[in-house]
Amino acid sequence: MNILEIKNLTKIYGKKNANDNISVSLENGVYGLLGPNGAGKTTLMKQITTLTKPTKGKIIYNGKNINDLGNNYRDVLGYLPQEFGVYKNFSAKQFLQYVAALKGLSGQKAKEKIDKLLNLVGLYEVRNKAVGKFSGGMKRRVGIAQALLNDPKILVLDEPTAGLDPQERTRFRNLLSQISKDKIIILSTHIISDIESIAKETMMLKNGAMLMKGTHQDILSSMKGKVYSIKTDQENEVMEIQNRYKVINIQRGVHDVTLRVVSEKMIPYPNSEAVEPSFEDVYMFYFDLENIQEV
Amino acid sequence: MIFWELKKMLKSKTGLIAIALFVFLCGVIVFVKPVLETENFYRNDKYELVADRRPGEEIAQEKFNNKIAEIETMANLEGNDPFSLKIREMSQEKLKSIKSKAYKDVSFFKVFNHRAAHPLVSFIIVIISVLIFSNIYTDEIISGMDNIILSSKNKFKVLYSKLGLAIILPIVLYGSYLIIVFLVTLGQHGTPVNGGFEAFRIVDNGSLLNGTFTINSYLMLKVGVMMLVFTTIAVFASFFSFITTNSLASISGTLIFIVFGKVCTLMKFLPESLFSVFSKGNYVDIMFYPNQFVGMYFGQVNILGKSLDLIKLCNSVLIAILFVGIALCVLTFKMILNK
Ligand SMILES: Nc1ncnc2c1ncn2[C@@H]1O[C@H](COP(=O)(O)OP(=O)(O)OP(=O)(O)O)[C@@H](O)[C@H]1O
Ligand SMILES: [Mg+2]
């Protein structure tokens, strides 16, 4: 059994509801956590990783409050924080040895696991180099490796792909798909394509509250028939459309302009047609910049 | 986890600075030496420093006789107030316990005592402790490892290792220093002999010693007091490190803790008993004038209608502060770092 239930979770900082009454139940698989800056993704993750306690509500792992489980819960946890740092003078290998000790692994088992992970994240060749001399993406890969050391049942990754090059990102996605069958993986990102390609379900956070949770199909179908593409060569029409509708994208061609808009109703322009919604549309629709409260 | 904490220390800049300071200390201390019992210097009418040219034994015997004479004077002190009574009793006990009225060679102990609690030593060991322990947790925050530690299974082991090191490391450091000093002094002034004789033979204001210490027991007490001071400072440095998020704040907190007692002696309006405790038992004065504190008698204070020996009270307070520091750290682990 591997079930994480979040019940009416609220976290208040001062007067700000960083998390606002979030309830969700998670099982094995990859969950994408999507939301603009300040939406409360990191706050939610910090509660799942026991770094901070909820103001209200609780988190239940396999029927028991994680607060009461304590170290037994942390034992099955893997975490890559958003602001992940390393001991600059440690080599990649030493660093992983240290984290292994933190997680209570030792001896031959730890050694094998470390070598395996170094290979997996493509750092085996540079394992004896000081981590301080690594590039940003390489450090992040060390971060991914350390999170996996104890074969966590719950893997929490706060923007793991930030700073990875496309090749590494692909490698990372494949890695996650491989290991996700017996783990709950929660991953926050701003990179929509990450979520599109690996997440079983996506949770959208806005101003601390859970806006929606569902598979891509669920989320995209909620937008079906609401996304239109309008072609026009009249500059004043462009202005008008921008005023009347939620415009997601404006593409200027040589002679005309193509606008991508979201609308509940049919669009009364001659050169308009309904198009397949994309994840990007969903994101832009819900997290329209004007609607985001200042943090 | 203690092993890893040490490894982190040794790989950090602070660790290297600490080692450099320690090596410097051991190098310098070789040249630090008190005026021996067998030596005497005085100023002549032209205010030049001249050395007494008589044989050492003779000088030493004269100094020893003077000390005994001083104790005899005090043993015959007039007055019936508690202070005079106590001084009289102390001095009479001391006279009774004198094993021999002849000077004994105590050069080794004289020098060892001087070096064991020299202000330079205290100063450097405190600097090392503050540097290391004020950063013991803030360094984790700065390097971004705090969240990984706090979400790991062994988080409490890490935290308690840090606290454990704050208690042990100053003792180990000071202990190593004492061993080095012991060997150096052995080479320079011969073997430690006559340690079973009276402590006032090597202590300059020995007539104020509270009780009949032997040289050995006096040194043991002194080392104990110094270890207590160093450990307490390291524990509080760690405490400030645990509750702050940058090393500037935590070092400031520690420094305020160290000078707090001394600063309080400037507040003349404090109740007299409290004032006495602060003026004798503050860390700054103990570090710089340990001979004015360790094993001494400086009168009584009245607390809640009870008359207590000031220095003994200070010692109890110092021990209590150490335990308060440890308790504060443990509380921080339970409450703040587990919020
Ligand atoms: N320790 C804290 N004290 C006070 N306010 C905080 C604290 N941590 C977060 N907040 C506030 O809570 C809100 C949510 O922050 P959080 O870091 O969870 O956002 P996020 O979704 O992770 O954003 P980002 O995409 O930028 O990482 C923000 O308004 C932030 O200012
Ligand atoms: Mg965040």
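A brief report on the enclosed structure follows. Everything numeric in this text was worked out from a predicted model, so none of it was measured.

**Details of the overall build of chain B**
Next up, step 1: When its secondary structure is counted, chain B shows 14 helices and four strands.
Next up, step 2: Taking the principal axes of its C-alpha atoms as reference, chain B extends roughly 70 × 50 × 40 Å.
Next up, step 3: Counting every position in chain B, which comprises 339 residues, the buried fraction comes to 51%.
Next up, step 4: Partitioning the contacts of chain B with sequence separation of at least 6, the portion at a separation of at least 24 is 73%.
Next up, step 5: A total of about 15,600 Å² of accessible surface is found on chain B, and carbon and sulfur atoms cover 68% of it.

**Some points on a nonpolar patch on the surface**
Residue and element names in this part refer to chain B.
Next up, step 1: Nonpolar side chains collect at one region of the surface, where Ile-2, Leu-6, Ile-168 and Val-172 lie side by side and expose about 290 Å² of accessible area between them.
Next up, step 2: Those elements that place two or more of their residues in the nonpolar patch are helix 1 (2–11) and helix 9 (155–189).
Next up, step 3: One can find Ile-2 in helix 1.

**Considerations on the sheet that holds strand 4 (residues 56–61) of chain A**
Residues and elements named next belong to chain A.
Next up, step 1: In space, the four strands of this open sheet follow the order 2-1-4-5, with antiparallel pairing throughout. Each end of this open sheet is capped by a strand with a single partner; those strands are strand 2 (16–26) and strand 5 (64–65).
Next up, step 2: Sheet strands touched by helix 1 (residues 41–48): strand 1 (4–13), strand 2 and strand 4. Its angle to strand 1, the strand with the most contacts, is close to 120°.

**Some points on the site of ligand 1**
Residue and element names in this part refer to chain A.
Next up, step 1: Looking at ligand 1, there are 15 residues lining it, with Lys-16, Lys-41, Thr-42, Thr-43 and Gln-82 nearest.
Next up, step 2: Coverage of ligand 1 by the protein chains reaches 66% of its 630 Å² of free accessible surface.
Next up, step 3: Every element with two or more residues in the shell around ligand 1 is listed here: strand 2 and helix 1.
Next up, step 4: When residues of the shell around ligand 1 are assigned to their parent elements, the largest contribution, three residues, is made by helix 1.
Next up, step 5: In terms of residue class, the shell around ligand 1 is made up of five nonpolar, seven polar and three charged.

**Remarks on the interface of chain B and chain A**
Next up, step 1: The partner chain A presents 29 residues to the 24 residues of chain B that form the contact.
Next up, step 2: When chain B packs against chain A, the two sides together hide about 2,400 Å² of surface, and 58% of this comes from carbon and sulfur.
Next up, step 3: Considering only the side of chain B, the residues that lose the most area to chain A are Trp-4, Lys-11 and Lys-153 of chain B, jointly responsible for 27% of the buried surface there.
Next up, step 4: For the interface between chain B and chain A, the tally reads one salt bridge.
Next up, step 5: Here chain B is connected to chain A by ten residue pairs in polar contact (both at pLDDT 80 or more).
Next up, step 6: Elements supplying a minimum of two residues to the side of chain B that touches chain A: helix 1, helix 7 (138–143), helix 8 (146–150) and helix 9 of chain B.
Next up, step 7: No other element matches the five residues that helix 1 of chain B contributes to the side of chain B that touches chain A.
Next up, step 8: Its residues assigned to classes, the side of chain B that touches chain A shows eight nonpolar, eight polar and eight charged.

Here is what the cut-offs are and how they apply
- Residues numbered from 1 in each chain as written.
- Chains lettered and ligands numbered in written order.
- Predicted model: local features only at pLDDT ≥ 70, side-chain atom pairs only at ≥ 80, totals over all residues.
- Heavy atoms only, no water.
- Helix = DSSP H or I, 4+ residues; strand = E, 2+ residues; numbered from the N terminus.
- Buried < 20%, exposed > 50% of the residue type's maximum accessible area, 1.4 Å probe, protein only.
- Contact = heavy atoms within 4.5 Å.
- Areas by Shrake-Rupley, 256 points an atom, 1.4 Å probe, with all protein chains shown as cover.
- Patch = residues over 30% accessible without salt bridge, like charges linked within 9 Å, V, L, I, M, F, W, Y side chains within 5 Å.
- Salt bridge = Lys/Arg side-chain N within 4 Å of Asp/Glu carboxyl O.
- Pairing = 2+ DSSP bridges.
- Axes fitted to C-alpha atoms, helices over the stretch in contact; angles between N-to-C directions.
- Near = heavy atom within 4 Å.
- Nonpolar A, V, L, I, M, F, W, Y, C, P; charged D, E, K, R; others polar.
- Buried area = accessible area lost by both parts, 1.4 Å probe.
- Polar contact = N/O pair within 3.5 Å; in protein donor to acceptor, adjacent residues only side chain to side chain.

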